[in-house]
Structures are given as structure tokens and as C-alpha cells.
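# Inside the fold
For reference, the chains in residue letters:
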Amino acid sequence: RAFFEQLLPSAAEVALQRAEDAFAAARLDEAEQLLAAVPHEFELAARIAALEQGIAYGRASADGPSETDLRAQLAADANDHEARLALANLYGGQRRYREALEELIELVRRARTWRDGVARTQLLALFTLAAGEPELVAEYRRKLASALH
């Protein structure tokens, strides 16, 4: 019996999956409520952090400046790190992971330690969110390694 219980997902895994499903359906409020009820288990920490970041991306996408405005800011000053980060957040919220990853890689290249390495931290969260696209994640893991070394 204990063997079969180990094969089944824990209550925390089931709750987290429900929150991830709500996020995937763009129901951010519901995802946030469900996530708040998930017991924090060590094995789930990366998924929980990624989902928290995904919800933040979704909120930034809905509440922040438009893509056009952010692109204009970057055209005026390519070193506007706040605008680049906001653009990556916007793309992440729209699940445009390639574009979000590209902006974050560029931010790592330009300012690796800016805001305590926020771009690297967000890249790692996006890798978890985009896990359904393993080729994309592998490509940007290599780009991150190249940018860091």
C-alpha cells in the first residue's frame, strides 16, 4: 500500500496542478487563490516560485505599459533596463516565452548584476513555466550559460 501511495501525487501536488491549470487558462485571481492554499513542500518549491512569477507576469501584462511604449523606450535608450525588464514581463504574461527569454538574455548581457541579478532569476522561473517547450528551454539555457561565461 505504501508503494502505491508514493506513486500517487500528494495533496500539495494536486492543489498546485489546479493552480497551474487556472494560470494556463488565464484565470489569474483563481490561480493566485489556489496557489495560496498549496502547502509549501520542498519538492514543489521551483514550481511554486515559477507560478508566482507567472502570475506576476500576467498582472504586469494587464496593468503595465504597452508593448509599443516599451519598444519606443528601448529604441530611445537600449540601456533602459527597467523598460527591457517590463517588456520581458509583458511577454511572459502573454506566454510569449521566446520573446521574454530573449529580452532577459539581453538584460543579462548588458547588466548581469543589475537589481541583484533579477534577469537571471526570472530566466530560471521562465524555464519552469515554459517546460512544455523543451527545445526552447534548452536553447535559452545554452544562451544563458554563454552570457554568463
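Look up a bit, the structure's there.
The structure reproduced in this document is the subject of the present report. (Residues numbered from 1 in each chain as written. Predicted model: local features only at pLDDT ≥ 70, side-chain atom pairs only at ≥ 80, totals over all residues. Heavy atoms only, no water.)

## Quick word on the packing of helix H7 (residues 97–110) against helix H9 (residues 134–148)
Two numbers describe a pair of packed helices, the interaxial angle and the distance between the axes. At a minimum axis separation of 10 Å, H7 and H9 run at an interaxial angle of 5 degrees. Taken together, the axes of H7 and H9 are roughly parallel relative to one another. For the pair formed by H7 and H9, the contact residues are Tyr-97, Arg-98, Leu-101, Glu-102, Ile-105, Val-108 and Arg-109 on the first element and Leu-136, Glu-139, Tyr-140, Lys-143, Leu-144, Ala-147 and Leu-148 on the second. (Axes fitted to C-alpha atoms, helices over the stretch in contact; angles between N-to-C directions. Helix = DSSP H or I, 4+ residues; strand = E, 2+ residues; numbered from the N terminus. Parallel < 35°, antiparallel > 145°, perpendicular 65-115°, else oblique. Contact = heavy atoms within 4.5 Å.)

## Let's talk about helix H6 (residues 81–93)
Taking 1.5 Å per residue, 13 residues should reach 18 Å; H6 reaches 18 Å between its end C-alpha atoms and fits that length. Across the 13 residues that make up H6, a large majority, eleven, are buried. Buried within H6 we find His-81, Ala-83, Arg-84, Leu-85, Leu-87, Ala-88, Asn-89, Leu-90, Tyr-91, Gly-92 and Gly-93. Contacts from the buried residues of H6 go to helix H4 (45–63), helix H5 (67–76), H7 and helix H8 (118–129). Downstream of H6 by a residue or two, Arg-95 has a phi angle that is positive, lying close to 60 degrees. (Expected span 1.5 Å × (residues − 1). Buried < 20%, exposed > 50% of the residue type's maximum accessible area, 1.4 Å probe, protein only.)

## A few points about the environment of Val-14
Mapping Val-14 onto the fold places it in helix H2 (residues 11–24). Of the residues examined, Val-14 reaches a relative accessible area of 39% and is grouped as partly exposed. Between the alpha carbons of Val-14 and Ala-60 there is a distance of 27 Å; along the sequence they are 46 residues apart.

## Some words on unusual backbone geometry
For residues that are not glycine, phi is negative in most cases, and the peptide bond is trans in most cases. For Ala-26, which is not glycine, the phi dihedral falls at a positive 65 degrees. Here Ala-26 is to be found in the loop between H2 and helix H3 (28–36). You will see that Arg-115, though not glycine, has its phi angle at about 50 degrees, which is positive. Relative to the elements of secondary structure, Arg-115 occurs in the loop between H7 and H8.

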